[in-house]
Amino acid sequence: MYPGRRAAPLGPGSIEKYLARGERIVLVLRRHTVVLEPAVGLWLLILCVGAGAGLLSGKLRGWHLGAIGGWLVLGGAGFLAWKAWAWWIARYVITDQRVLLVEGVLNRRVRAIPLSKVTHTDFRRTLFGRMLGYGNLSLDSPGAAVAGLSELTSIPRPDEIYRLVMSLVAGVNGEEESAPRGSSARRDGDDTGPLPRVIL
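Residues numbered from 1 in each chain as written. Predicted model: local features only at pLDDT ≥ 70, side-chain atom pairs only at ≥ 80, totals over all residues. Heavy atoms only, no water.

**Quick word on a nonpolar patch on the surface**
Step number 1: Taken together, the side chains of Leu42, Leu45, Val49, Ile68, Leu72 and Phe79 define a hydrophobic patch exposed on the protein surface, amounting to about 490 Å² of accessible area.
Step number 2: When contributions to the nonpolar patch are tallied by element, the ones reaching two or more residues are helix H1 (37–56) and helix H2 (65–89).
Step number 3: Within the secondary structure layout, Leu42 lies in helix H1.
Step number 4: For Leu42, a relative accessible area of 37% translates into the label partly exposed. (Patch = residues over 30% accessible without salt bridge, like charges linked within 9 Å, V, L, I, M, F, W, Y side chains within 5 Å. Areas by Shrake-Rupley, 256 points an atom, 1.4 Å probe, with all protein chains shown as cover. Salt bridge = Lys/Arg side-chain N within 4 Å of Asp/Glu carboxyl O. Helix = DSSP H or I, 4+ residues; strand = E, 2+ residues; numbered from the N terminus. Buried < 20%, exposed > 50% of the residue type's maximum accessible area, 1.4 Å probe, protein only.)

See below:
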């Protein structure tokens, strides 16, 4: 279903260090670049304000508008770079057992939901989402909301991700229901080999 491409390392370590023993990666993806639109919009606004301050600096010499405009532009560029780096670092990781969100530039945060707890999934696409190719995928589980991951936001190709997660949920829950009580649904001898790794 998915072409095998290497999963890029995540920051200083690799994604594998967040996995349980025997857990295998099915898919690794970033959020759609649309999440950067607010940061880009703010940077463009700051750029315009900084340029305007620079233009006015010749008329209002005592206000040091040229220096203020320069610092504004520099600060806006730094803010945009920070947001872009955070987007680059963050990954959704779908394994044969869980869905994880690994994020954080300085402080790493890992949130996850076991596929065995997911009872229903659906995805939503706005008009812009349909035009640009992104959407949100909800992961519903009974009881209290999972401290972590109840929705995958701004994911590319959400219809394909939806079908993938649904097939994994059906497989995990099917294994649990068919396993005899007191026995494990997964045995080490049942390994059929590594699943493909993909990064979008």
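This is not the end of the story, as more comes after the structure.
**Observations regarding the sheet that holds strand E7 (residues 151–156)**
Step number 1: Strand order in this open sheet of three strands is E5-E6-E7, and the pairing throughout is antiparallel. Of all the strands in the sheet, the pair left with one neighbour each is strand E5 (120–124) and E7. On average, each strand axis in the sheet is tilted by 20° relative to the strand beside it, whichever way the strands run.
Step number 2: Sheet topology note: the strand E6 (residues 134–140)/E7 ladder contains four bridges and is antiparallel. Residue pairing across strands places Gly135 opposite Ile155, the latter belonging to E7. (Pairing = 2+ DSSP bridges. Axes fitted to C-alpha atoms, helices over the stretch in contact; angles between N-to-C directions.)

**Observations regarding the side chain of Glu23**
Step number 1: Following the sequence through the fold, Glu23 ends up in the segment before strand E1 (25–29).
Step number 2: For Glu23, a relative accessible area of 8% corresponds to the buried category.
Step number 3: For Glu23, the side chain forms a polar contact with the side chain of Arg98, separated by 3.0 Å.
Step number 4: Sequence-distant contacts of Glu23, that is, excluding residues within four places in its chain, are made with Thr95, Asp96, Gln97, Arg98 and Leu100. (Polar contact = N/O pair within 3.5 Å; in protein donor to acceptor, adjacent residues only side chain to side chain. Contact = heavy atoms within 4.5 Å.)

**Some words on H2**
Step number 1: With 25 residues, H2 extends 36 Å between its outermost C-alpha atoms, agreeing within 8% with the 36 Å of an ideal straight helix rising 1.5 Å per residue.
Step number 2: The set of residues buried in H2 consists of Leu65, Gly69, Gly76, Leu80, Trp87 and Ile89.
Step number 3: Contacts made by the buried residues of H2 are with H1, strand E2 (91–95) and strand E3 (98–103). (Expected span 1.5 Å × (residues − 1).)

**Here's the deal with the environment of Leu137**
Step number 1: Here Leu137 shows up in strand E6.
Step number 2: We classify Leu137 as buried; its relative accessible area is 0%.
Step number 3: For the pair formed by Leu137 and Arg125, sequence separation is 12 residues and the distance between their alpha carbons is 9.1 Å.
Step number 4: Not counting the four nearest positions on each side in its chain, Leu137 is found in contact with Thr121, Asp122, Phe123, Ser150, Glu151, Leu152, Ile155, Ile161, Tyr162 and Val165.

**Overview of the pattern of salt bridges**
Step number 1: One pass over the structure, following the stated rule, counts five salt bridges.
Step number 2: Arg98 is the salt-bridge partner of Glu23, the closest N and O atoms lying 3.0 Å from each other. Of the two residues, Glu23 sits in the segment before E1 while Arg98 sits in strand E3, which places them 75 residues apart along the sequence.
Step number 3: With its nearest N and O atoms 2.9 Å apart, the salt bridge here joins Glu160 to Arg157.

**What about H1?**
Step number 1: Spanning 20 residues, H1 covers 29 Å between terminal C-alpha atoms, matching the ideal 28 Å at 1.5 Å per step.
Step number 2: For H1, the secondary structure elements touched by its buried residues are H2.

**What about the environment of Gly50?**
Step number 1: Here Gly50 shows up in helix H1.
Step number 2: Residue class for Gly50 comes out buried when judged on its relative accessible area of 7%.
Step number 3: Among residues more than four places away in sequence, those in contact with Gly50 are Gly69 and Val73.

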